[in-house]
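# Secondary and tertiary structure notes
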Amino acid sequence: MARSLKLKDKDLEWVSTSDETVILDDASEQYFATNSAGSVLWEALKEGSTAAELTDLLVETFEIDRKQAESDVDAYVGQLDELDMLVT
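Below is a short write-up of the structure. For every chain, the first residue of its written sequence is number 1, and the numbers climb from 1 along that sequence. The predicted origin of the model limits local features to residues at a pLDDT of at least 70 and limits the giving and counting of side-chain atom pairs to 80 or more, whereas totals for whole chains, interfaces and linings rest on all residues. Side-chain figures throughout are based on the complete set of non-hydrogen atoms in the structure, without hydrogens or water.

This paragraph deals with the sheet that holds strand β4 (residues 30-34). By definition, two strands form a pair when at least two bridges between them are found by DSSP. Comment: elements are numbered from the N terminus, with helices defined as DSSP H or I runs of at least four residues and strands as E runs of at least two. Strand order across the open sheet formed by 3 strands is β2-β3-β4, with antiparallel pairing between neighbours. In this open sheet, the two edge strands, each paired with only one partner strand, are β2 (12-16) and β4. Going from strand to strand, the sheet's axes swing by 15° on average, the running direction of each strand aside. The pairing of β2 with strand β3 (residues 21-25) spans 5 bridges and is classified as antiparallel. Bridged to L12 within β3 is D25. In what follows, a contact means two residues having at least one pair of non-hydrogen atoms within 4.5 Å. Angular values range over 0 to 180 degrees, each being the angle between N-to-C directions of two axes fitted as lines to C-alpha atoms, with helices fitted over their stretch in contact. Helix α1 (residues 36-47) contacts β2, β3 and β4 of the sheet and is inclined by roughly 135° relative to β2.

This part covers the sheet that holds strand β6 (residues 86-87). Backbone hydrogen bonds are what pair the strands of a sheet, in a parallel or an antiparallel way. Across the sheet, which stays open at both edges, the 3 strands sit in the order β5-β1-β6 with antiparallel pairing between neighbours. Each of the sheet's edge strands pairs with one partner strand only, and the pair in question is β5 (49-50) and β6. In terms of strand pairing, strand β1 (residues 4-7) meets β5 through 2 bridges, oriented antiparallel. Residue pairing in the sheet places S4 in a bridge with T50 of β5.

Okay, structure coming up:
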């Protein structure tokens, strides 16, 4: 069974523009900024998504190679996990 990933429900505030999202974790007082691909993933993680769904989203949105999308998703999810911004 695929692990569902979702942003934690509290302590996160963010502002999105057309090409980036800037996030503040109020609990740790850490900032995190994303590029346009990260912003697309961020939106999907608000509702909850699996890594495979996030990969599909990058492939469809940016028309990139699946291996590159998988690598990007792994790196992005890893960063959010390190910053304790996800629940599973």
